[in-house]
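An overview of the molecular structure
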Amino acid sequence: MQSKNNKNEKKNEVCVIGLGYVGLPLAVRCALKGYKVYGLEKDEKKNRKINFGKSPIKEKFLDDNLSRSGLKAYSDNKIIRKADIVIVCVPTPVDKNFFPDLEPIKKTAQAISENLKKGQLIVIESTINPGVCEEVIEPIFREAGYIVGKDYYLAHCPERINPGDPKWNITNIPRVIGSFNKKGLTPALKFYRSIIDAEIYPMNSIREAEAVKIVENSFRDINIAFVNELAKSFDKMGIDTKDVIKGASTKPFAFMPHWPGCGVGGHCIPVDPYYLIERAKLSGFDHEFLKIARKVNNSMPAYTVELMQDALNKVKLPLKGTNVGVLGLSYKANVDDLRETPSLKIIERLEEHEAKVLSFDPYFPKMSSVNNLEALLRKSEALILATDHNEFKEIKPEKLKKLKIKVIIDGKNCLDGEKMKKFGIIYKGIGR
Ligand code: SAJ
């Protein structure tokens, strides 16, 4: 990828497109590693915060490093022209029919093709199904008159950010990279090896690299579906699923624990399998197993509300008209992220049953219907814990008893059920 006139010219200007959970840590890391980095983000509010050194995302790595990185964020696509390496970190969501929405990534490819600098290395980090680079992205550049491997290089390095993880972050998570050919793979390997202190593993093709991420997350989704189905079955048999999984985890090989819960949220796990399901259809293959797993996981919010209904019946309370407090809106403990969150599906279901729903999430004060946990407990007759934020794990049964809360459904199996029962509170977990 060296320019003809100057073999030693350093290729060290990077443009990161999309400054979210994936792009912002990456841009900061590149800046800290000495690259000149242009952040490109359409959300001006986000850009203003970043340009003041404030992270729009609650994330330890960003809180520790954003301000000292000196990263600057722009909203004008023309900034792309300055970069030698362009990294695409835009969302690849699914629509309401669970169909992959490639619009953001298509628009981004279009923007790059309108601002391409010859010789640029373009890396897609967004999660995409096998075939997207060859069948969707490369044709956009070809349409603009650019030949991959000649005018520009295209690689895929699927993101592996785990929001809220105190240990694994952009600096130390191994990555895989695939490209159309060695001419694209080599500079991509070199770049990622210059910013990440972990294995950077070359794949034999760009399609293989696209498949890796989908496989990783589909693996997680089907394993969560397995324990969610177990939970429904063991609920009928009076077996504590969490205890059984803990027991199975004593096996030092060939078992990997997953845990039942009130649903599967986030921008990866409940989304990525649909990418493979839909693309495989075009090749005439039907991923029955992946679809069943999605169906099981998508059924958990409704199952959680059913457990509430059954528990209220024990104290002769109908769901209709009862004050039900929902603890937590975020899809995951101690992060501020609502994407595909089961909490909103639980709230929707409760409202369909005409319960009087209140909610509180310390990470979403504006979306919460009360200002703090105490206010929620005081106004509720029954509770559903939907997110295992640390604050909620401290809830004392004595407190619930005093406030005459009769039922608690523990959607994350994170409370001491036996202690709750000792205080006469009807406790039900998911599978326990
Ligand atoms: N969940 C369960 N049971 C489990 C694990 C998770 O119900 O045993 C639920 C969570 O409550 C959440 C959803 O599934 O609602 C997703 O949880 P997650 O821990 O997988 O969180 P994510 O979405 O942040 O997943 C990320 C993913 N990282 C990338 O896609 C790059 C995923 O691949 C990681 O495996 C995961 O973090 C991780 O390991 O924590």
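The preceding data block contains the structure.
Residues numbered from 1 in each chain as written. Predicted model: local features only at pLDDT ≥ 70, side-chain atom pairs only at ≥ 80, totals over all residues. Heavy atoms only, no water.

Quick word on the overall build of the chain
When helices and strands are tallied, the chain shows 16 helices and 13 strands. Considering the chain as a whole, with its 432 residues, one finds that 54% of them fall into the buried category. Pairs at least 24 residues apart make up 71% of the contacts formed inside the chain by residues separated by at least 6 positions. On the chain, roughly 20100 Å² of surface is accessible, and the fraction owed to carbon and sulfur atoms is 54%. Between the mean site of the 71 positive side-chain charges and the mean site of the 55 negative ones, the chain shows a separation of 3 Å. (Helix = DSSP H or I, 4+ residues; strand = E, 2+ residues; numbered from the N terminus. Buried < 20%, exposed > 50% of the residue type's maximum accessible area, 1.4 Å probe, protein only. Contact = heavy atoms within 4.5 Å. Areas by Shrake-Rupley, 256 points an atom, 1.4 Å probe, with all protein chains shown as cover. Lys, Arg positive; Asp, Glu negative; His and termini not counted. Charge placed at Lys NZ, Arg CZ, Asp CG, Glu CD.)

Looking at the pairing of strand β11 (residues 382–385)
Both faces of β11 are covered, namely the face carrying Ala 382 and Ile 384 and the face carrying Leu 383 and Leu 385. Here strand β9 (residues 323–327) pairs with β11 via four bridges, running parallel. Following the sheet pairing, Leu 327 is matched in β11 by Leu 385. Here β11 runs beside strand β12 (residues 407–410); their pairing, made up of four bridges, is parallel. In the strand pairing of β12, Ile 384 is matched with Ile 409. (Pairing = 2+ DSSP bridges.)

Remarks on helix α3 (residues 60–69)
Within α3, burial applies to Phe 61, Leu 62, Asn 65, Leu 66 and Ser 69. What you see down the axis of α3 is that its buried residues fit within an arc of 120°, all on one side. Residues of α3 that are exposed and angled more than 90 degrees away from the buried face: Lys 60, Asp 63, Ser 67 and Arg 68. Looking at the buried residues of α3, the elements they touch are α1 (23–32) and α2 (44–51). Looking at the residues trailing α3, positive phi occurs at Gly 70, about 70°. (Arc of directions from axis to C-beta.)

Here's the deal with the site of the ligand
Close contacts around the ligand come from 19 residues, with Asn 162, Asn 217, Arg 220, Trp 259 and Lys 412 the closest. Between the ligand and Trp 259 there is a distance of 2.7 Å, counted from a nitrogen atom to a backbone nitrogen or oxygen. Here an oxygen atom of the ligand and a side-chain polar atom of Tyr 331 are 2.8 Å apart. Relative to its unbound accessible surface of 720 Å², the ligand loses 84% to contact with the protein. (Near = heavy atom within 4 Å. Polar contact = N/O pair within 3.5 Å; in protein donor to acceptor, adjacent residues only side chain to side chain.)

Things to note about the pattern of salt bridges
Applying the stated criterion to the full structure yields 25 salt bridges. As a salt-bridge pair, Glu 159 and Lys 213 come within 3.1 Å of each other at their nearest N and O atoms. Residue Glu 159 is located in the loop between β6 (152–156) and β7 (175–179), and its partner Lys 213 is located in helix α7 (residues 206–237); the two are separated by 54 residues in the primary sequence. On the basis of relative accessibility, which here comes to 2%, the residue Lys 213 falls in the buried class. Of the charged contacts, one joins Lys 345 and Glu 340 as a salt bridge, the two residues approaching to 3.9 Å between their closest N and O atoms. Through salt bridges with shared partners, one network takes in Glu 134, Glu 135, Arg 207 and Arg 279. (Salt bridge = Lys/Arg side-chain N within 4 Å of Asp/Glu carboxyl O.)

Quick notes on the packing of helix α5 (residues 132–143) against α7
As a packed pair, α5 and α7 sit with axes 9 Å apart at the nearest point and diverge in direction by 110°. Compared by their axis directions, α5 and α7 come out roughly perpendicular. For the pair α5 and α7, the contacting residues are Val 132, Cys 133, Glu 134 and Glu 135 in the first and Ile 206, Arg 207 and Glu 210 in the second. Taken together, the residues of the contact of α5 with α7 break down into three nonpolar, no polar and four charged. (Axes fitted to C-alpha atoms, helices over the stretch in contact; angles between N-to-C directions. Parallel < 35°, antiparallel > 145°, perpendicular 65-115°, else oblique. Nonpolar A, V, L, I, M, F, W, Y, C, P; charged D, E, K, R; others polar.)

Some points on the packing of helix α9 (residues 272–282) against helix α10 (residues 288–298)
Viewed as axis vectors pointing N to C, α9 and α10 meet at an angle of 145°, and their least axial separation amounts to 10 Å. Here the hand of the crossing between α9 and α10 comes out left-handed. Where α9 approaches α10, its residues Pro 273, Tyr 274, Leu 276 and Ile 277 are matched on the opposing element by Leu 290, Lys 291, Arg 294 and Asn 298. Taken together, the residues of the contact of α9 with α10 break down into five nonpolar, one polar and two charged. (Left-handed = near helix turned anticlockwise from the far one by under 90°.)

Points about the packing of aromatic side chains
A complete count under the given rule lists six aromatic pairs for this structure. Ring centres of Phe 191 and Tyr 192 lie 5.1 Å apart, and the angle between their planes is 80°; this geometry places the pair in the edge-to-face category. Assessed through its relative accessible area of 2%, Phe 191 is described here as buried. Classification of Tyr 192 as buried rests on a relative accessible area of 0%. Site record: aromatic cluster; members linked through ring pairs are Tyr 35, Phe 191 and Tyr 192. (Phe/Tyr/Trp six-rings, centres within 6.5 Å; stacked < 30°, edge-to-face > 60°.)

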